[in-house]
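What the coordinates show
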Number of protein chains: 2
Amino acid sequence: MKLSRYKHDSDVSYALGATLVYELLKTHPELIRRVFLRKGTKPGDDLTTLLENLKARHIEIIETSKAFNVLDAKDSCLLIAEFQKPTEQLSISPDAPHLVLVNPSDAGNLGTIMRSAAAFGFQNIAIVTPAVDYLNPKTIRASMGAVFHLNIQEFASFDAYYISQPTRTLYAFMLDETAVKLPDLHPTGQNFALIFGNEASGLPKSLVAIAQPVFIPQSSNVDSLNLSVATSIALYQFRQK
Amino acid sequence: MKLSRYKHDSDVSYALGATLVYELLKTHPELIRRVFLRKGTKPGDDLTTLLENLKARHIEIIETSKAFNVLDAKDSCLLIAEFQKPTEQLSISPDAPHLVLVNPSDAGNLGTIMRSAAAFGFQNIAIVTPAVDYLNPKTIRASMGAVFHLNIQEFASFDAYYISQPTRTLYAFMLDETAVKLPDLHPTGQNFALIFGNEASGLPKSLVAIAQPVFIPQSSNVDSLNLSVATSIALYQFRQK
């Protein structure tokens, strides 16, 4: 059994734990290559059902300790699915709003943002690299499986995203009190993109040439909101409009 | 120099890094007992100003390596303030809204929530124990210093909080699609409390006897939102109303 630690340039990744394997099976069964079951596991009812569903799809189940030693540093899960990384393209439909994350650097933040995006119906996410790897098993776990419900495409620069979306209205979230306040924004239609910058450096000021700057009203007692919080508030607020 | 690792029952805690020391000095200078400066540090302009402000308040500055070995596992900061833990009481003013966190268990989440509470003007937070320690240096760091702008009181049970606030309107955030939806809530005045449960177990159903259940509309594609995200969305939304 050939198996090595996850790497960014690998063509497979791993869903750790029964909950993530279940989400993956529900959304992308065709991507699953094989599933590892921790040696000596006595499956309960839920796990038995899941294993039967995997078998019904002719997915190989391998009882082993090795995969867990290699892949599961926390030594806590019973099931791991190895899956082919998808290659996805953003929907260019004007009915599909976009979320654009420029250089997100924290796996926990990105996982939490994907969870909020799935919760508020933003299926399409553009990630401008360099960025944390959204298919790293840690990020997948932080997303609680939400990543499998989304359509995510990486772009090598913001310009590469921009030229692919010439007619989309862009909203750039910035710490600029002179910008339009989020509650006062009244977008029409869904042909827009919400753009957020890196945790530490935010977005470049130059973006205002092509995007409407937006500010989430907040006290001067704090430097800023956490990135996943700011993004989730915007996703929530746009979903209400 | 007597110094040991932080413990929950210690009467002092630590602000790690110049930014947190600055926030502490700005908000609670009387609590600072002494400040440690990493041995061999060549202070830049900002750090020099901060050190002068500390000296002007007759706060002892000790150049040392030991405190950093004991307290700063990441080995990255230049300044640490040791401070007396405050004993705070919630404001009972009807003009001061409350946030009530029942058994929060994750230091990162609690830090992020404190940051959002300071950002959206919720100065008063009740924490029902058992809970993660809001004065642990890790939680303080996750709050980016927001903890120093807040008024936080621990309660041994939800009932202990409840009997202290007999006239307050209570909103209990639950994963219950039959509850009132957050955007449809129209509170009057500020004499209310927003209540959130533990990351894994949420709030007990029995709370509906005394609290208005509230639901943040979300897709069934996710089990729930991250706790710090759900709390921050509610704080934001109530601040707009």
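Residues numbered from 1 in each chain as written. Chains lettered and ligands numbered in written order. Predicted model: local features only at pLDDT ≥ 70, side-chain atom pairs only at ≥ 80, totals over all residues. Heavy atoms only, no water.

1. Considerations on the sheet that holds strand β5 (residues 98–102) of chain A
Residues and elements named next belong to chain A. Selection rule: The rule for pairing is simple: two strands pair if DSSP sees at least two bridges between them. Numbering goes from the N terminus for both helices and strands, where a helix is a DSSP run of H or I of at least four residues and a strand is a run of E of at least two. Throughout, a residue-residue contact means that at least one pair of heavy atoms, one from each residue, lies within 4.5 Å. To get an axis, a line is fitted to the C-alpha atoms, and for a helix only the part in contact is used. The angle between two axes follows their N-to-C directions and goes from 0 to 180 degrees.
Read from one edge of the open sheet, 7 strands run β7-β6-β5-β10-β8-β11-β9, paired in parallel fashion. Only two strands of the sheet have a single partner each, and these edge strands are β7 (151–155) and β9 (180–181). One ladder, built from 4 bridges, connects strand β8 (residues 169–173) with strand β10 (residues 192–196); its direction is parallel. The residue bridging Leu170 from the neighbouring strand is Ala193, located in β10. Set on the sheet, helix α7 (residues 227–240) makes contact with β5, β8 and β10; between it and β10 the angle comes to about 165°.

2. Notes on the layout of surface pockets
Residues and elements named next belong to chain A. Put simply, the test is: Grid points spaced at 1 Å and placed over the protein atoms alone form the basis of the search, with a cavity being a set where a 1.4 Å probe fits but cannot get out and a pocket an open set showing protein on both sides within 12 Å along at least five of seven lines. Lining residues have an atom within 4 Å of a point. Grid points are joined across faces, edges and corners, and a volume is the space filled by probe spheres set on the points. The nonpolar class holds Ala, Val, Leu, Ile, Met, Phe, Trp, Tyr, Cys and Pro. Asp, Glu, Lys and Arg form the charged class, and all remaining residues, Gly among them, are polar.
If you add up the space inside the second largest pocket, you get close to 460 Å³. Surrounding the second largest pocket, 15 residues form its lining, Leu16, Leu71, Asn136, Pro137 and Lys138 being those nearest its centre. Those elements giving two or more residues to the lining of the second largest pocket turn out to be α3 (66–71), α4 (107–119) and α5 (137–142). The dominant element in the lining of the second largest pocket, judged by the number of residues it contributes, is α5, at 4 residues. By residue class, the composition of the lining of the second largest pocket is 8 nonpolar, 2 polar and 5 charged.

3. Looking at the pattern of salt bridges
Residue and element names in this part refer to chain B. To keep it simple, the criterion reads: Between Lys or Arg on one side and Asp or Glu on the other, a salt bridge is scored when a side-chain nitrogen of the former is within 4 Å of a carboxyl oxygen of the latter. For each residue, the accessible area found with a 1.4 Å probe, counting protein chains only, is set against the maximum for its type, and the residue is called buried under 20%, exposed over 50%, and partly exposed in between.
Tallying each qualifying case throughout the model produces 8 salt bridges over all chains. Note that Asp11 is salt-bridged to Arg33, the shortest N-O span being 3.5 Å. Residue Asp11 is found in the segment before β1 (12–16), and its partner Arg33 is found in strand β2 (residues 32–38); the two are separated by 22 residues along the sequence. By relative accessible area, which is 40% here, Arg33 ends up partly exposed. A salt bridge links Lys26 to Glu23; the nearest nitrogen and oxygen atoms lie 3.7 Å apart. With Lys26 and Glu23 both in helix α1 (residues 18–27), this residue pair falls 3 residues apart, about one helical turn. The buried category is assigned to Glu23, whose relative accessible area is 10%.

4. What to know about the relation of the copies chain A and chain B
Keep this limit in mind: To superpose the copies, least squares is applied to the C-alpha atoms of every residue with a pLDDT of at least 70 in both.
Take chain A, turn it by 180°, move it 0.0 Å along the axis, and it overlays chain B with an RMSD of 0.0 Å. Overall, the copies show the geometry of a two-fold rotation axis. The share of interface residues of chain A whose copies in chain B are also at the interface is 100%, consistent with both copies meeting through the same surface.

5. Focus on the packing of helix α1 (residues 18–27) of chain A against helix α2 (residues 45–56) of chain A
Think of two packed helices as two axes; the pair is described by the angle between the axes and how far apart they sit. Residue and element names in this part refer to chain A. What counts here: By convention, the crossing between two helices is left-handed when the near helix turns anticlockwise from the far helix through less than a right angle, and right-handed when the turn is clockwise.
With their axes 11 Å apart at the nearest point, α1 and α2 run at an angle of 35° to one another. Classified by chirality, the crossing of α2 by α1 is left-handed. Taken together, the residues of α2 that come into contact with α1 (itself represented by Ala18, Val21, Tyr22 and Leu25) are Leu47, Leu50, Asn53 and Leu54. Broken down by class, the residue content of the contact of α1 with α2 amounts to 7 nonpolar, 1 polar and no charged.

6. Here's the deal with the packing of aromatic side chains
Inclusion rule: Planes of paired rings set the category: under 30 degrees apart is stacked, over 60 is edge-to-face and the rest tilted, where pairs are Phe, Tyr or Trp rings (Trp by its six-membered ring) whose centres lie within 6.5 Å.
This structure, assessed with the given rule, holds 20 aromatic pairs over all chains. Ring centres of Phe173(B) and Phe196(B) lie 4.4 Å apart, and the angle between their planes is 15°; on these two criteria the pair is classed as stacked. Taken together, the residues Phe173(B) in strand β8 (residues 169–173) and Phe196(B) in strand β10 (residues 192–196) connect sequence positions 23 residues apart. Across the pair, Phe196(B) and Phe173(B) agree in class, each one buried. Through a chain of ring-to-ring contacts, three or more aromatic side chains come together here, namely Phe122(A), Tyr171(A), Phe192(A) and Phe238(A).

7. Here we look at the pairing of β10(B)
Along any regular strand the residues' side chains alternate between the sheet's two faces. All names here are of chain B. For β10, the buried fraction is high: 5 of the 5 residues fall into the buried class. Neither face of β10 is left uncovered, since the one carrying Phe192, Leu194 and Phe196 and the one carrying Ala193 and Ile195 both have all their residues buried. Alignment of strand β5 (residues 98–102) against β10, held across 4 bridges, turns out to be parallel. The residue of β10 that forms the bridge with Val100 is Ile195.

8. With respect to the confidence of the model for chain A
What counts, and what does not: Each residue gets a pLDDT score, which is the predictor's confidence in that residue and runs from 0 to 100.
Averaged over chain A, the pLDDT score is 95; the fraction of residues at 70 or greater is 99%. Two numbers describe this predicted complex: its pTM, 0.95, and its ipTM, 0.94.

9. Describing the interface of chain A and chain B
Rules: Put simply, buried area is how much 1.4 Å-probe accessible surface two parts lose in total, over both of them, once they are put together.
The interface of chain A with chain B comprises 28 residues on the first partner and 28 residues on the second. For the chain A and chain B pair, buried surface summed over both sides reaches about 2,300 Å², with 59% attributable to carbon and sulfur atoms. Counting the surface chain A buries against chain B, the share from its top three residues, Arg115(A), Asn221(A) and Tyr236(A), is 26%. Counting across the interface, chain A meets chain B through 0 salt bridges. Only α4 and α7 of chain A provide two or more residues apiece to the side of chain A that touches chain B. Among the elements that make up the side of chain A that touches chain B, the one with the highest residue count is α7(A) (7 residues). Residue composition of the side of chain A that touches chain B, by class: 13 nonpolar, 13 polar and 2 charged.

10. Side note on the sheet that holds strand β6 (residues 124–128) of chain B
Residues and elements named next belong to chain B. Spatially, β7-β6-β5-β10-β8-β11-β9 is the arrangement adopted by the 7 strands of the open sheet, whose pairing is parallel. The sheet is open, and its two edges are formed by β7 (151–155) and β9 (180–181), each paired on a single side. Sitting on the sheet, helix α7 (residues 227–240) is in contact with β5, β8 and β10, with an inclination near 165° to β10.

11. Things to note about unusual backbone geometry
With an omega dihedral of 0°, the bond running from Thr129(A) to Pro130(A) counts as a cis peptide bond. Assignment of secondary structure puts Pro130(A) in the loop between β6 (124–128) and α5. Positive phi is not limited to glycine here, since His58(B) has a value of about 60°. A positive phi angle, near 55°, is found at Met144(B), a position not held by glycine. On the basis of relative accessible area, Met144(B) is assigned to the partly exposed category, the value being 46%.

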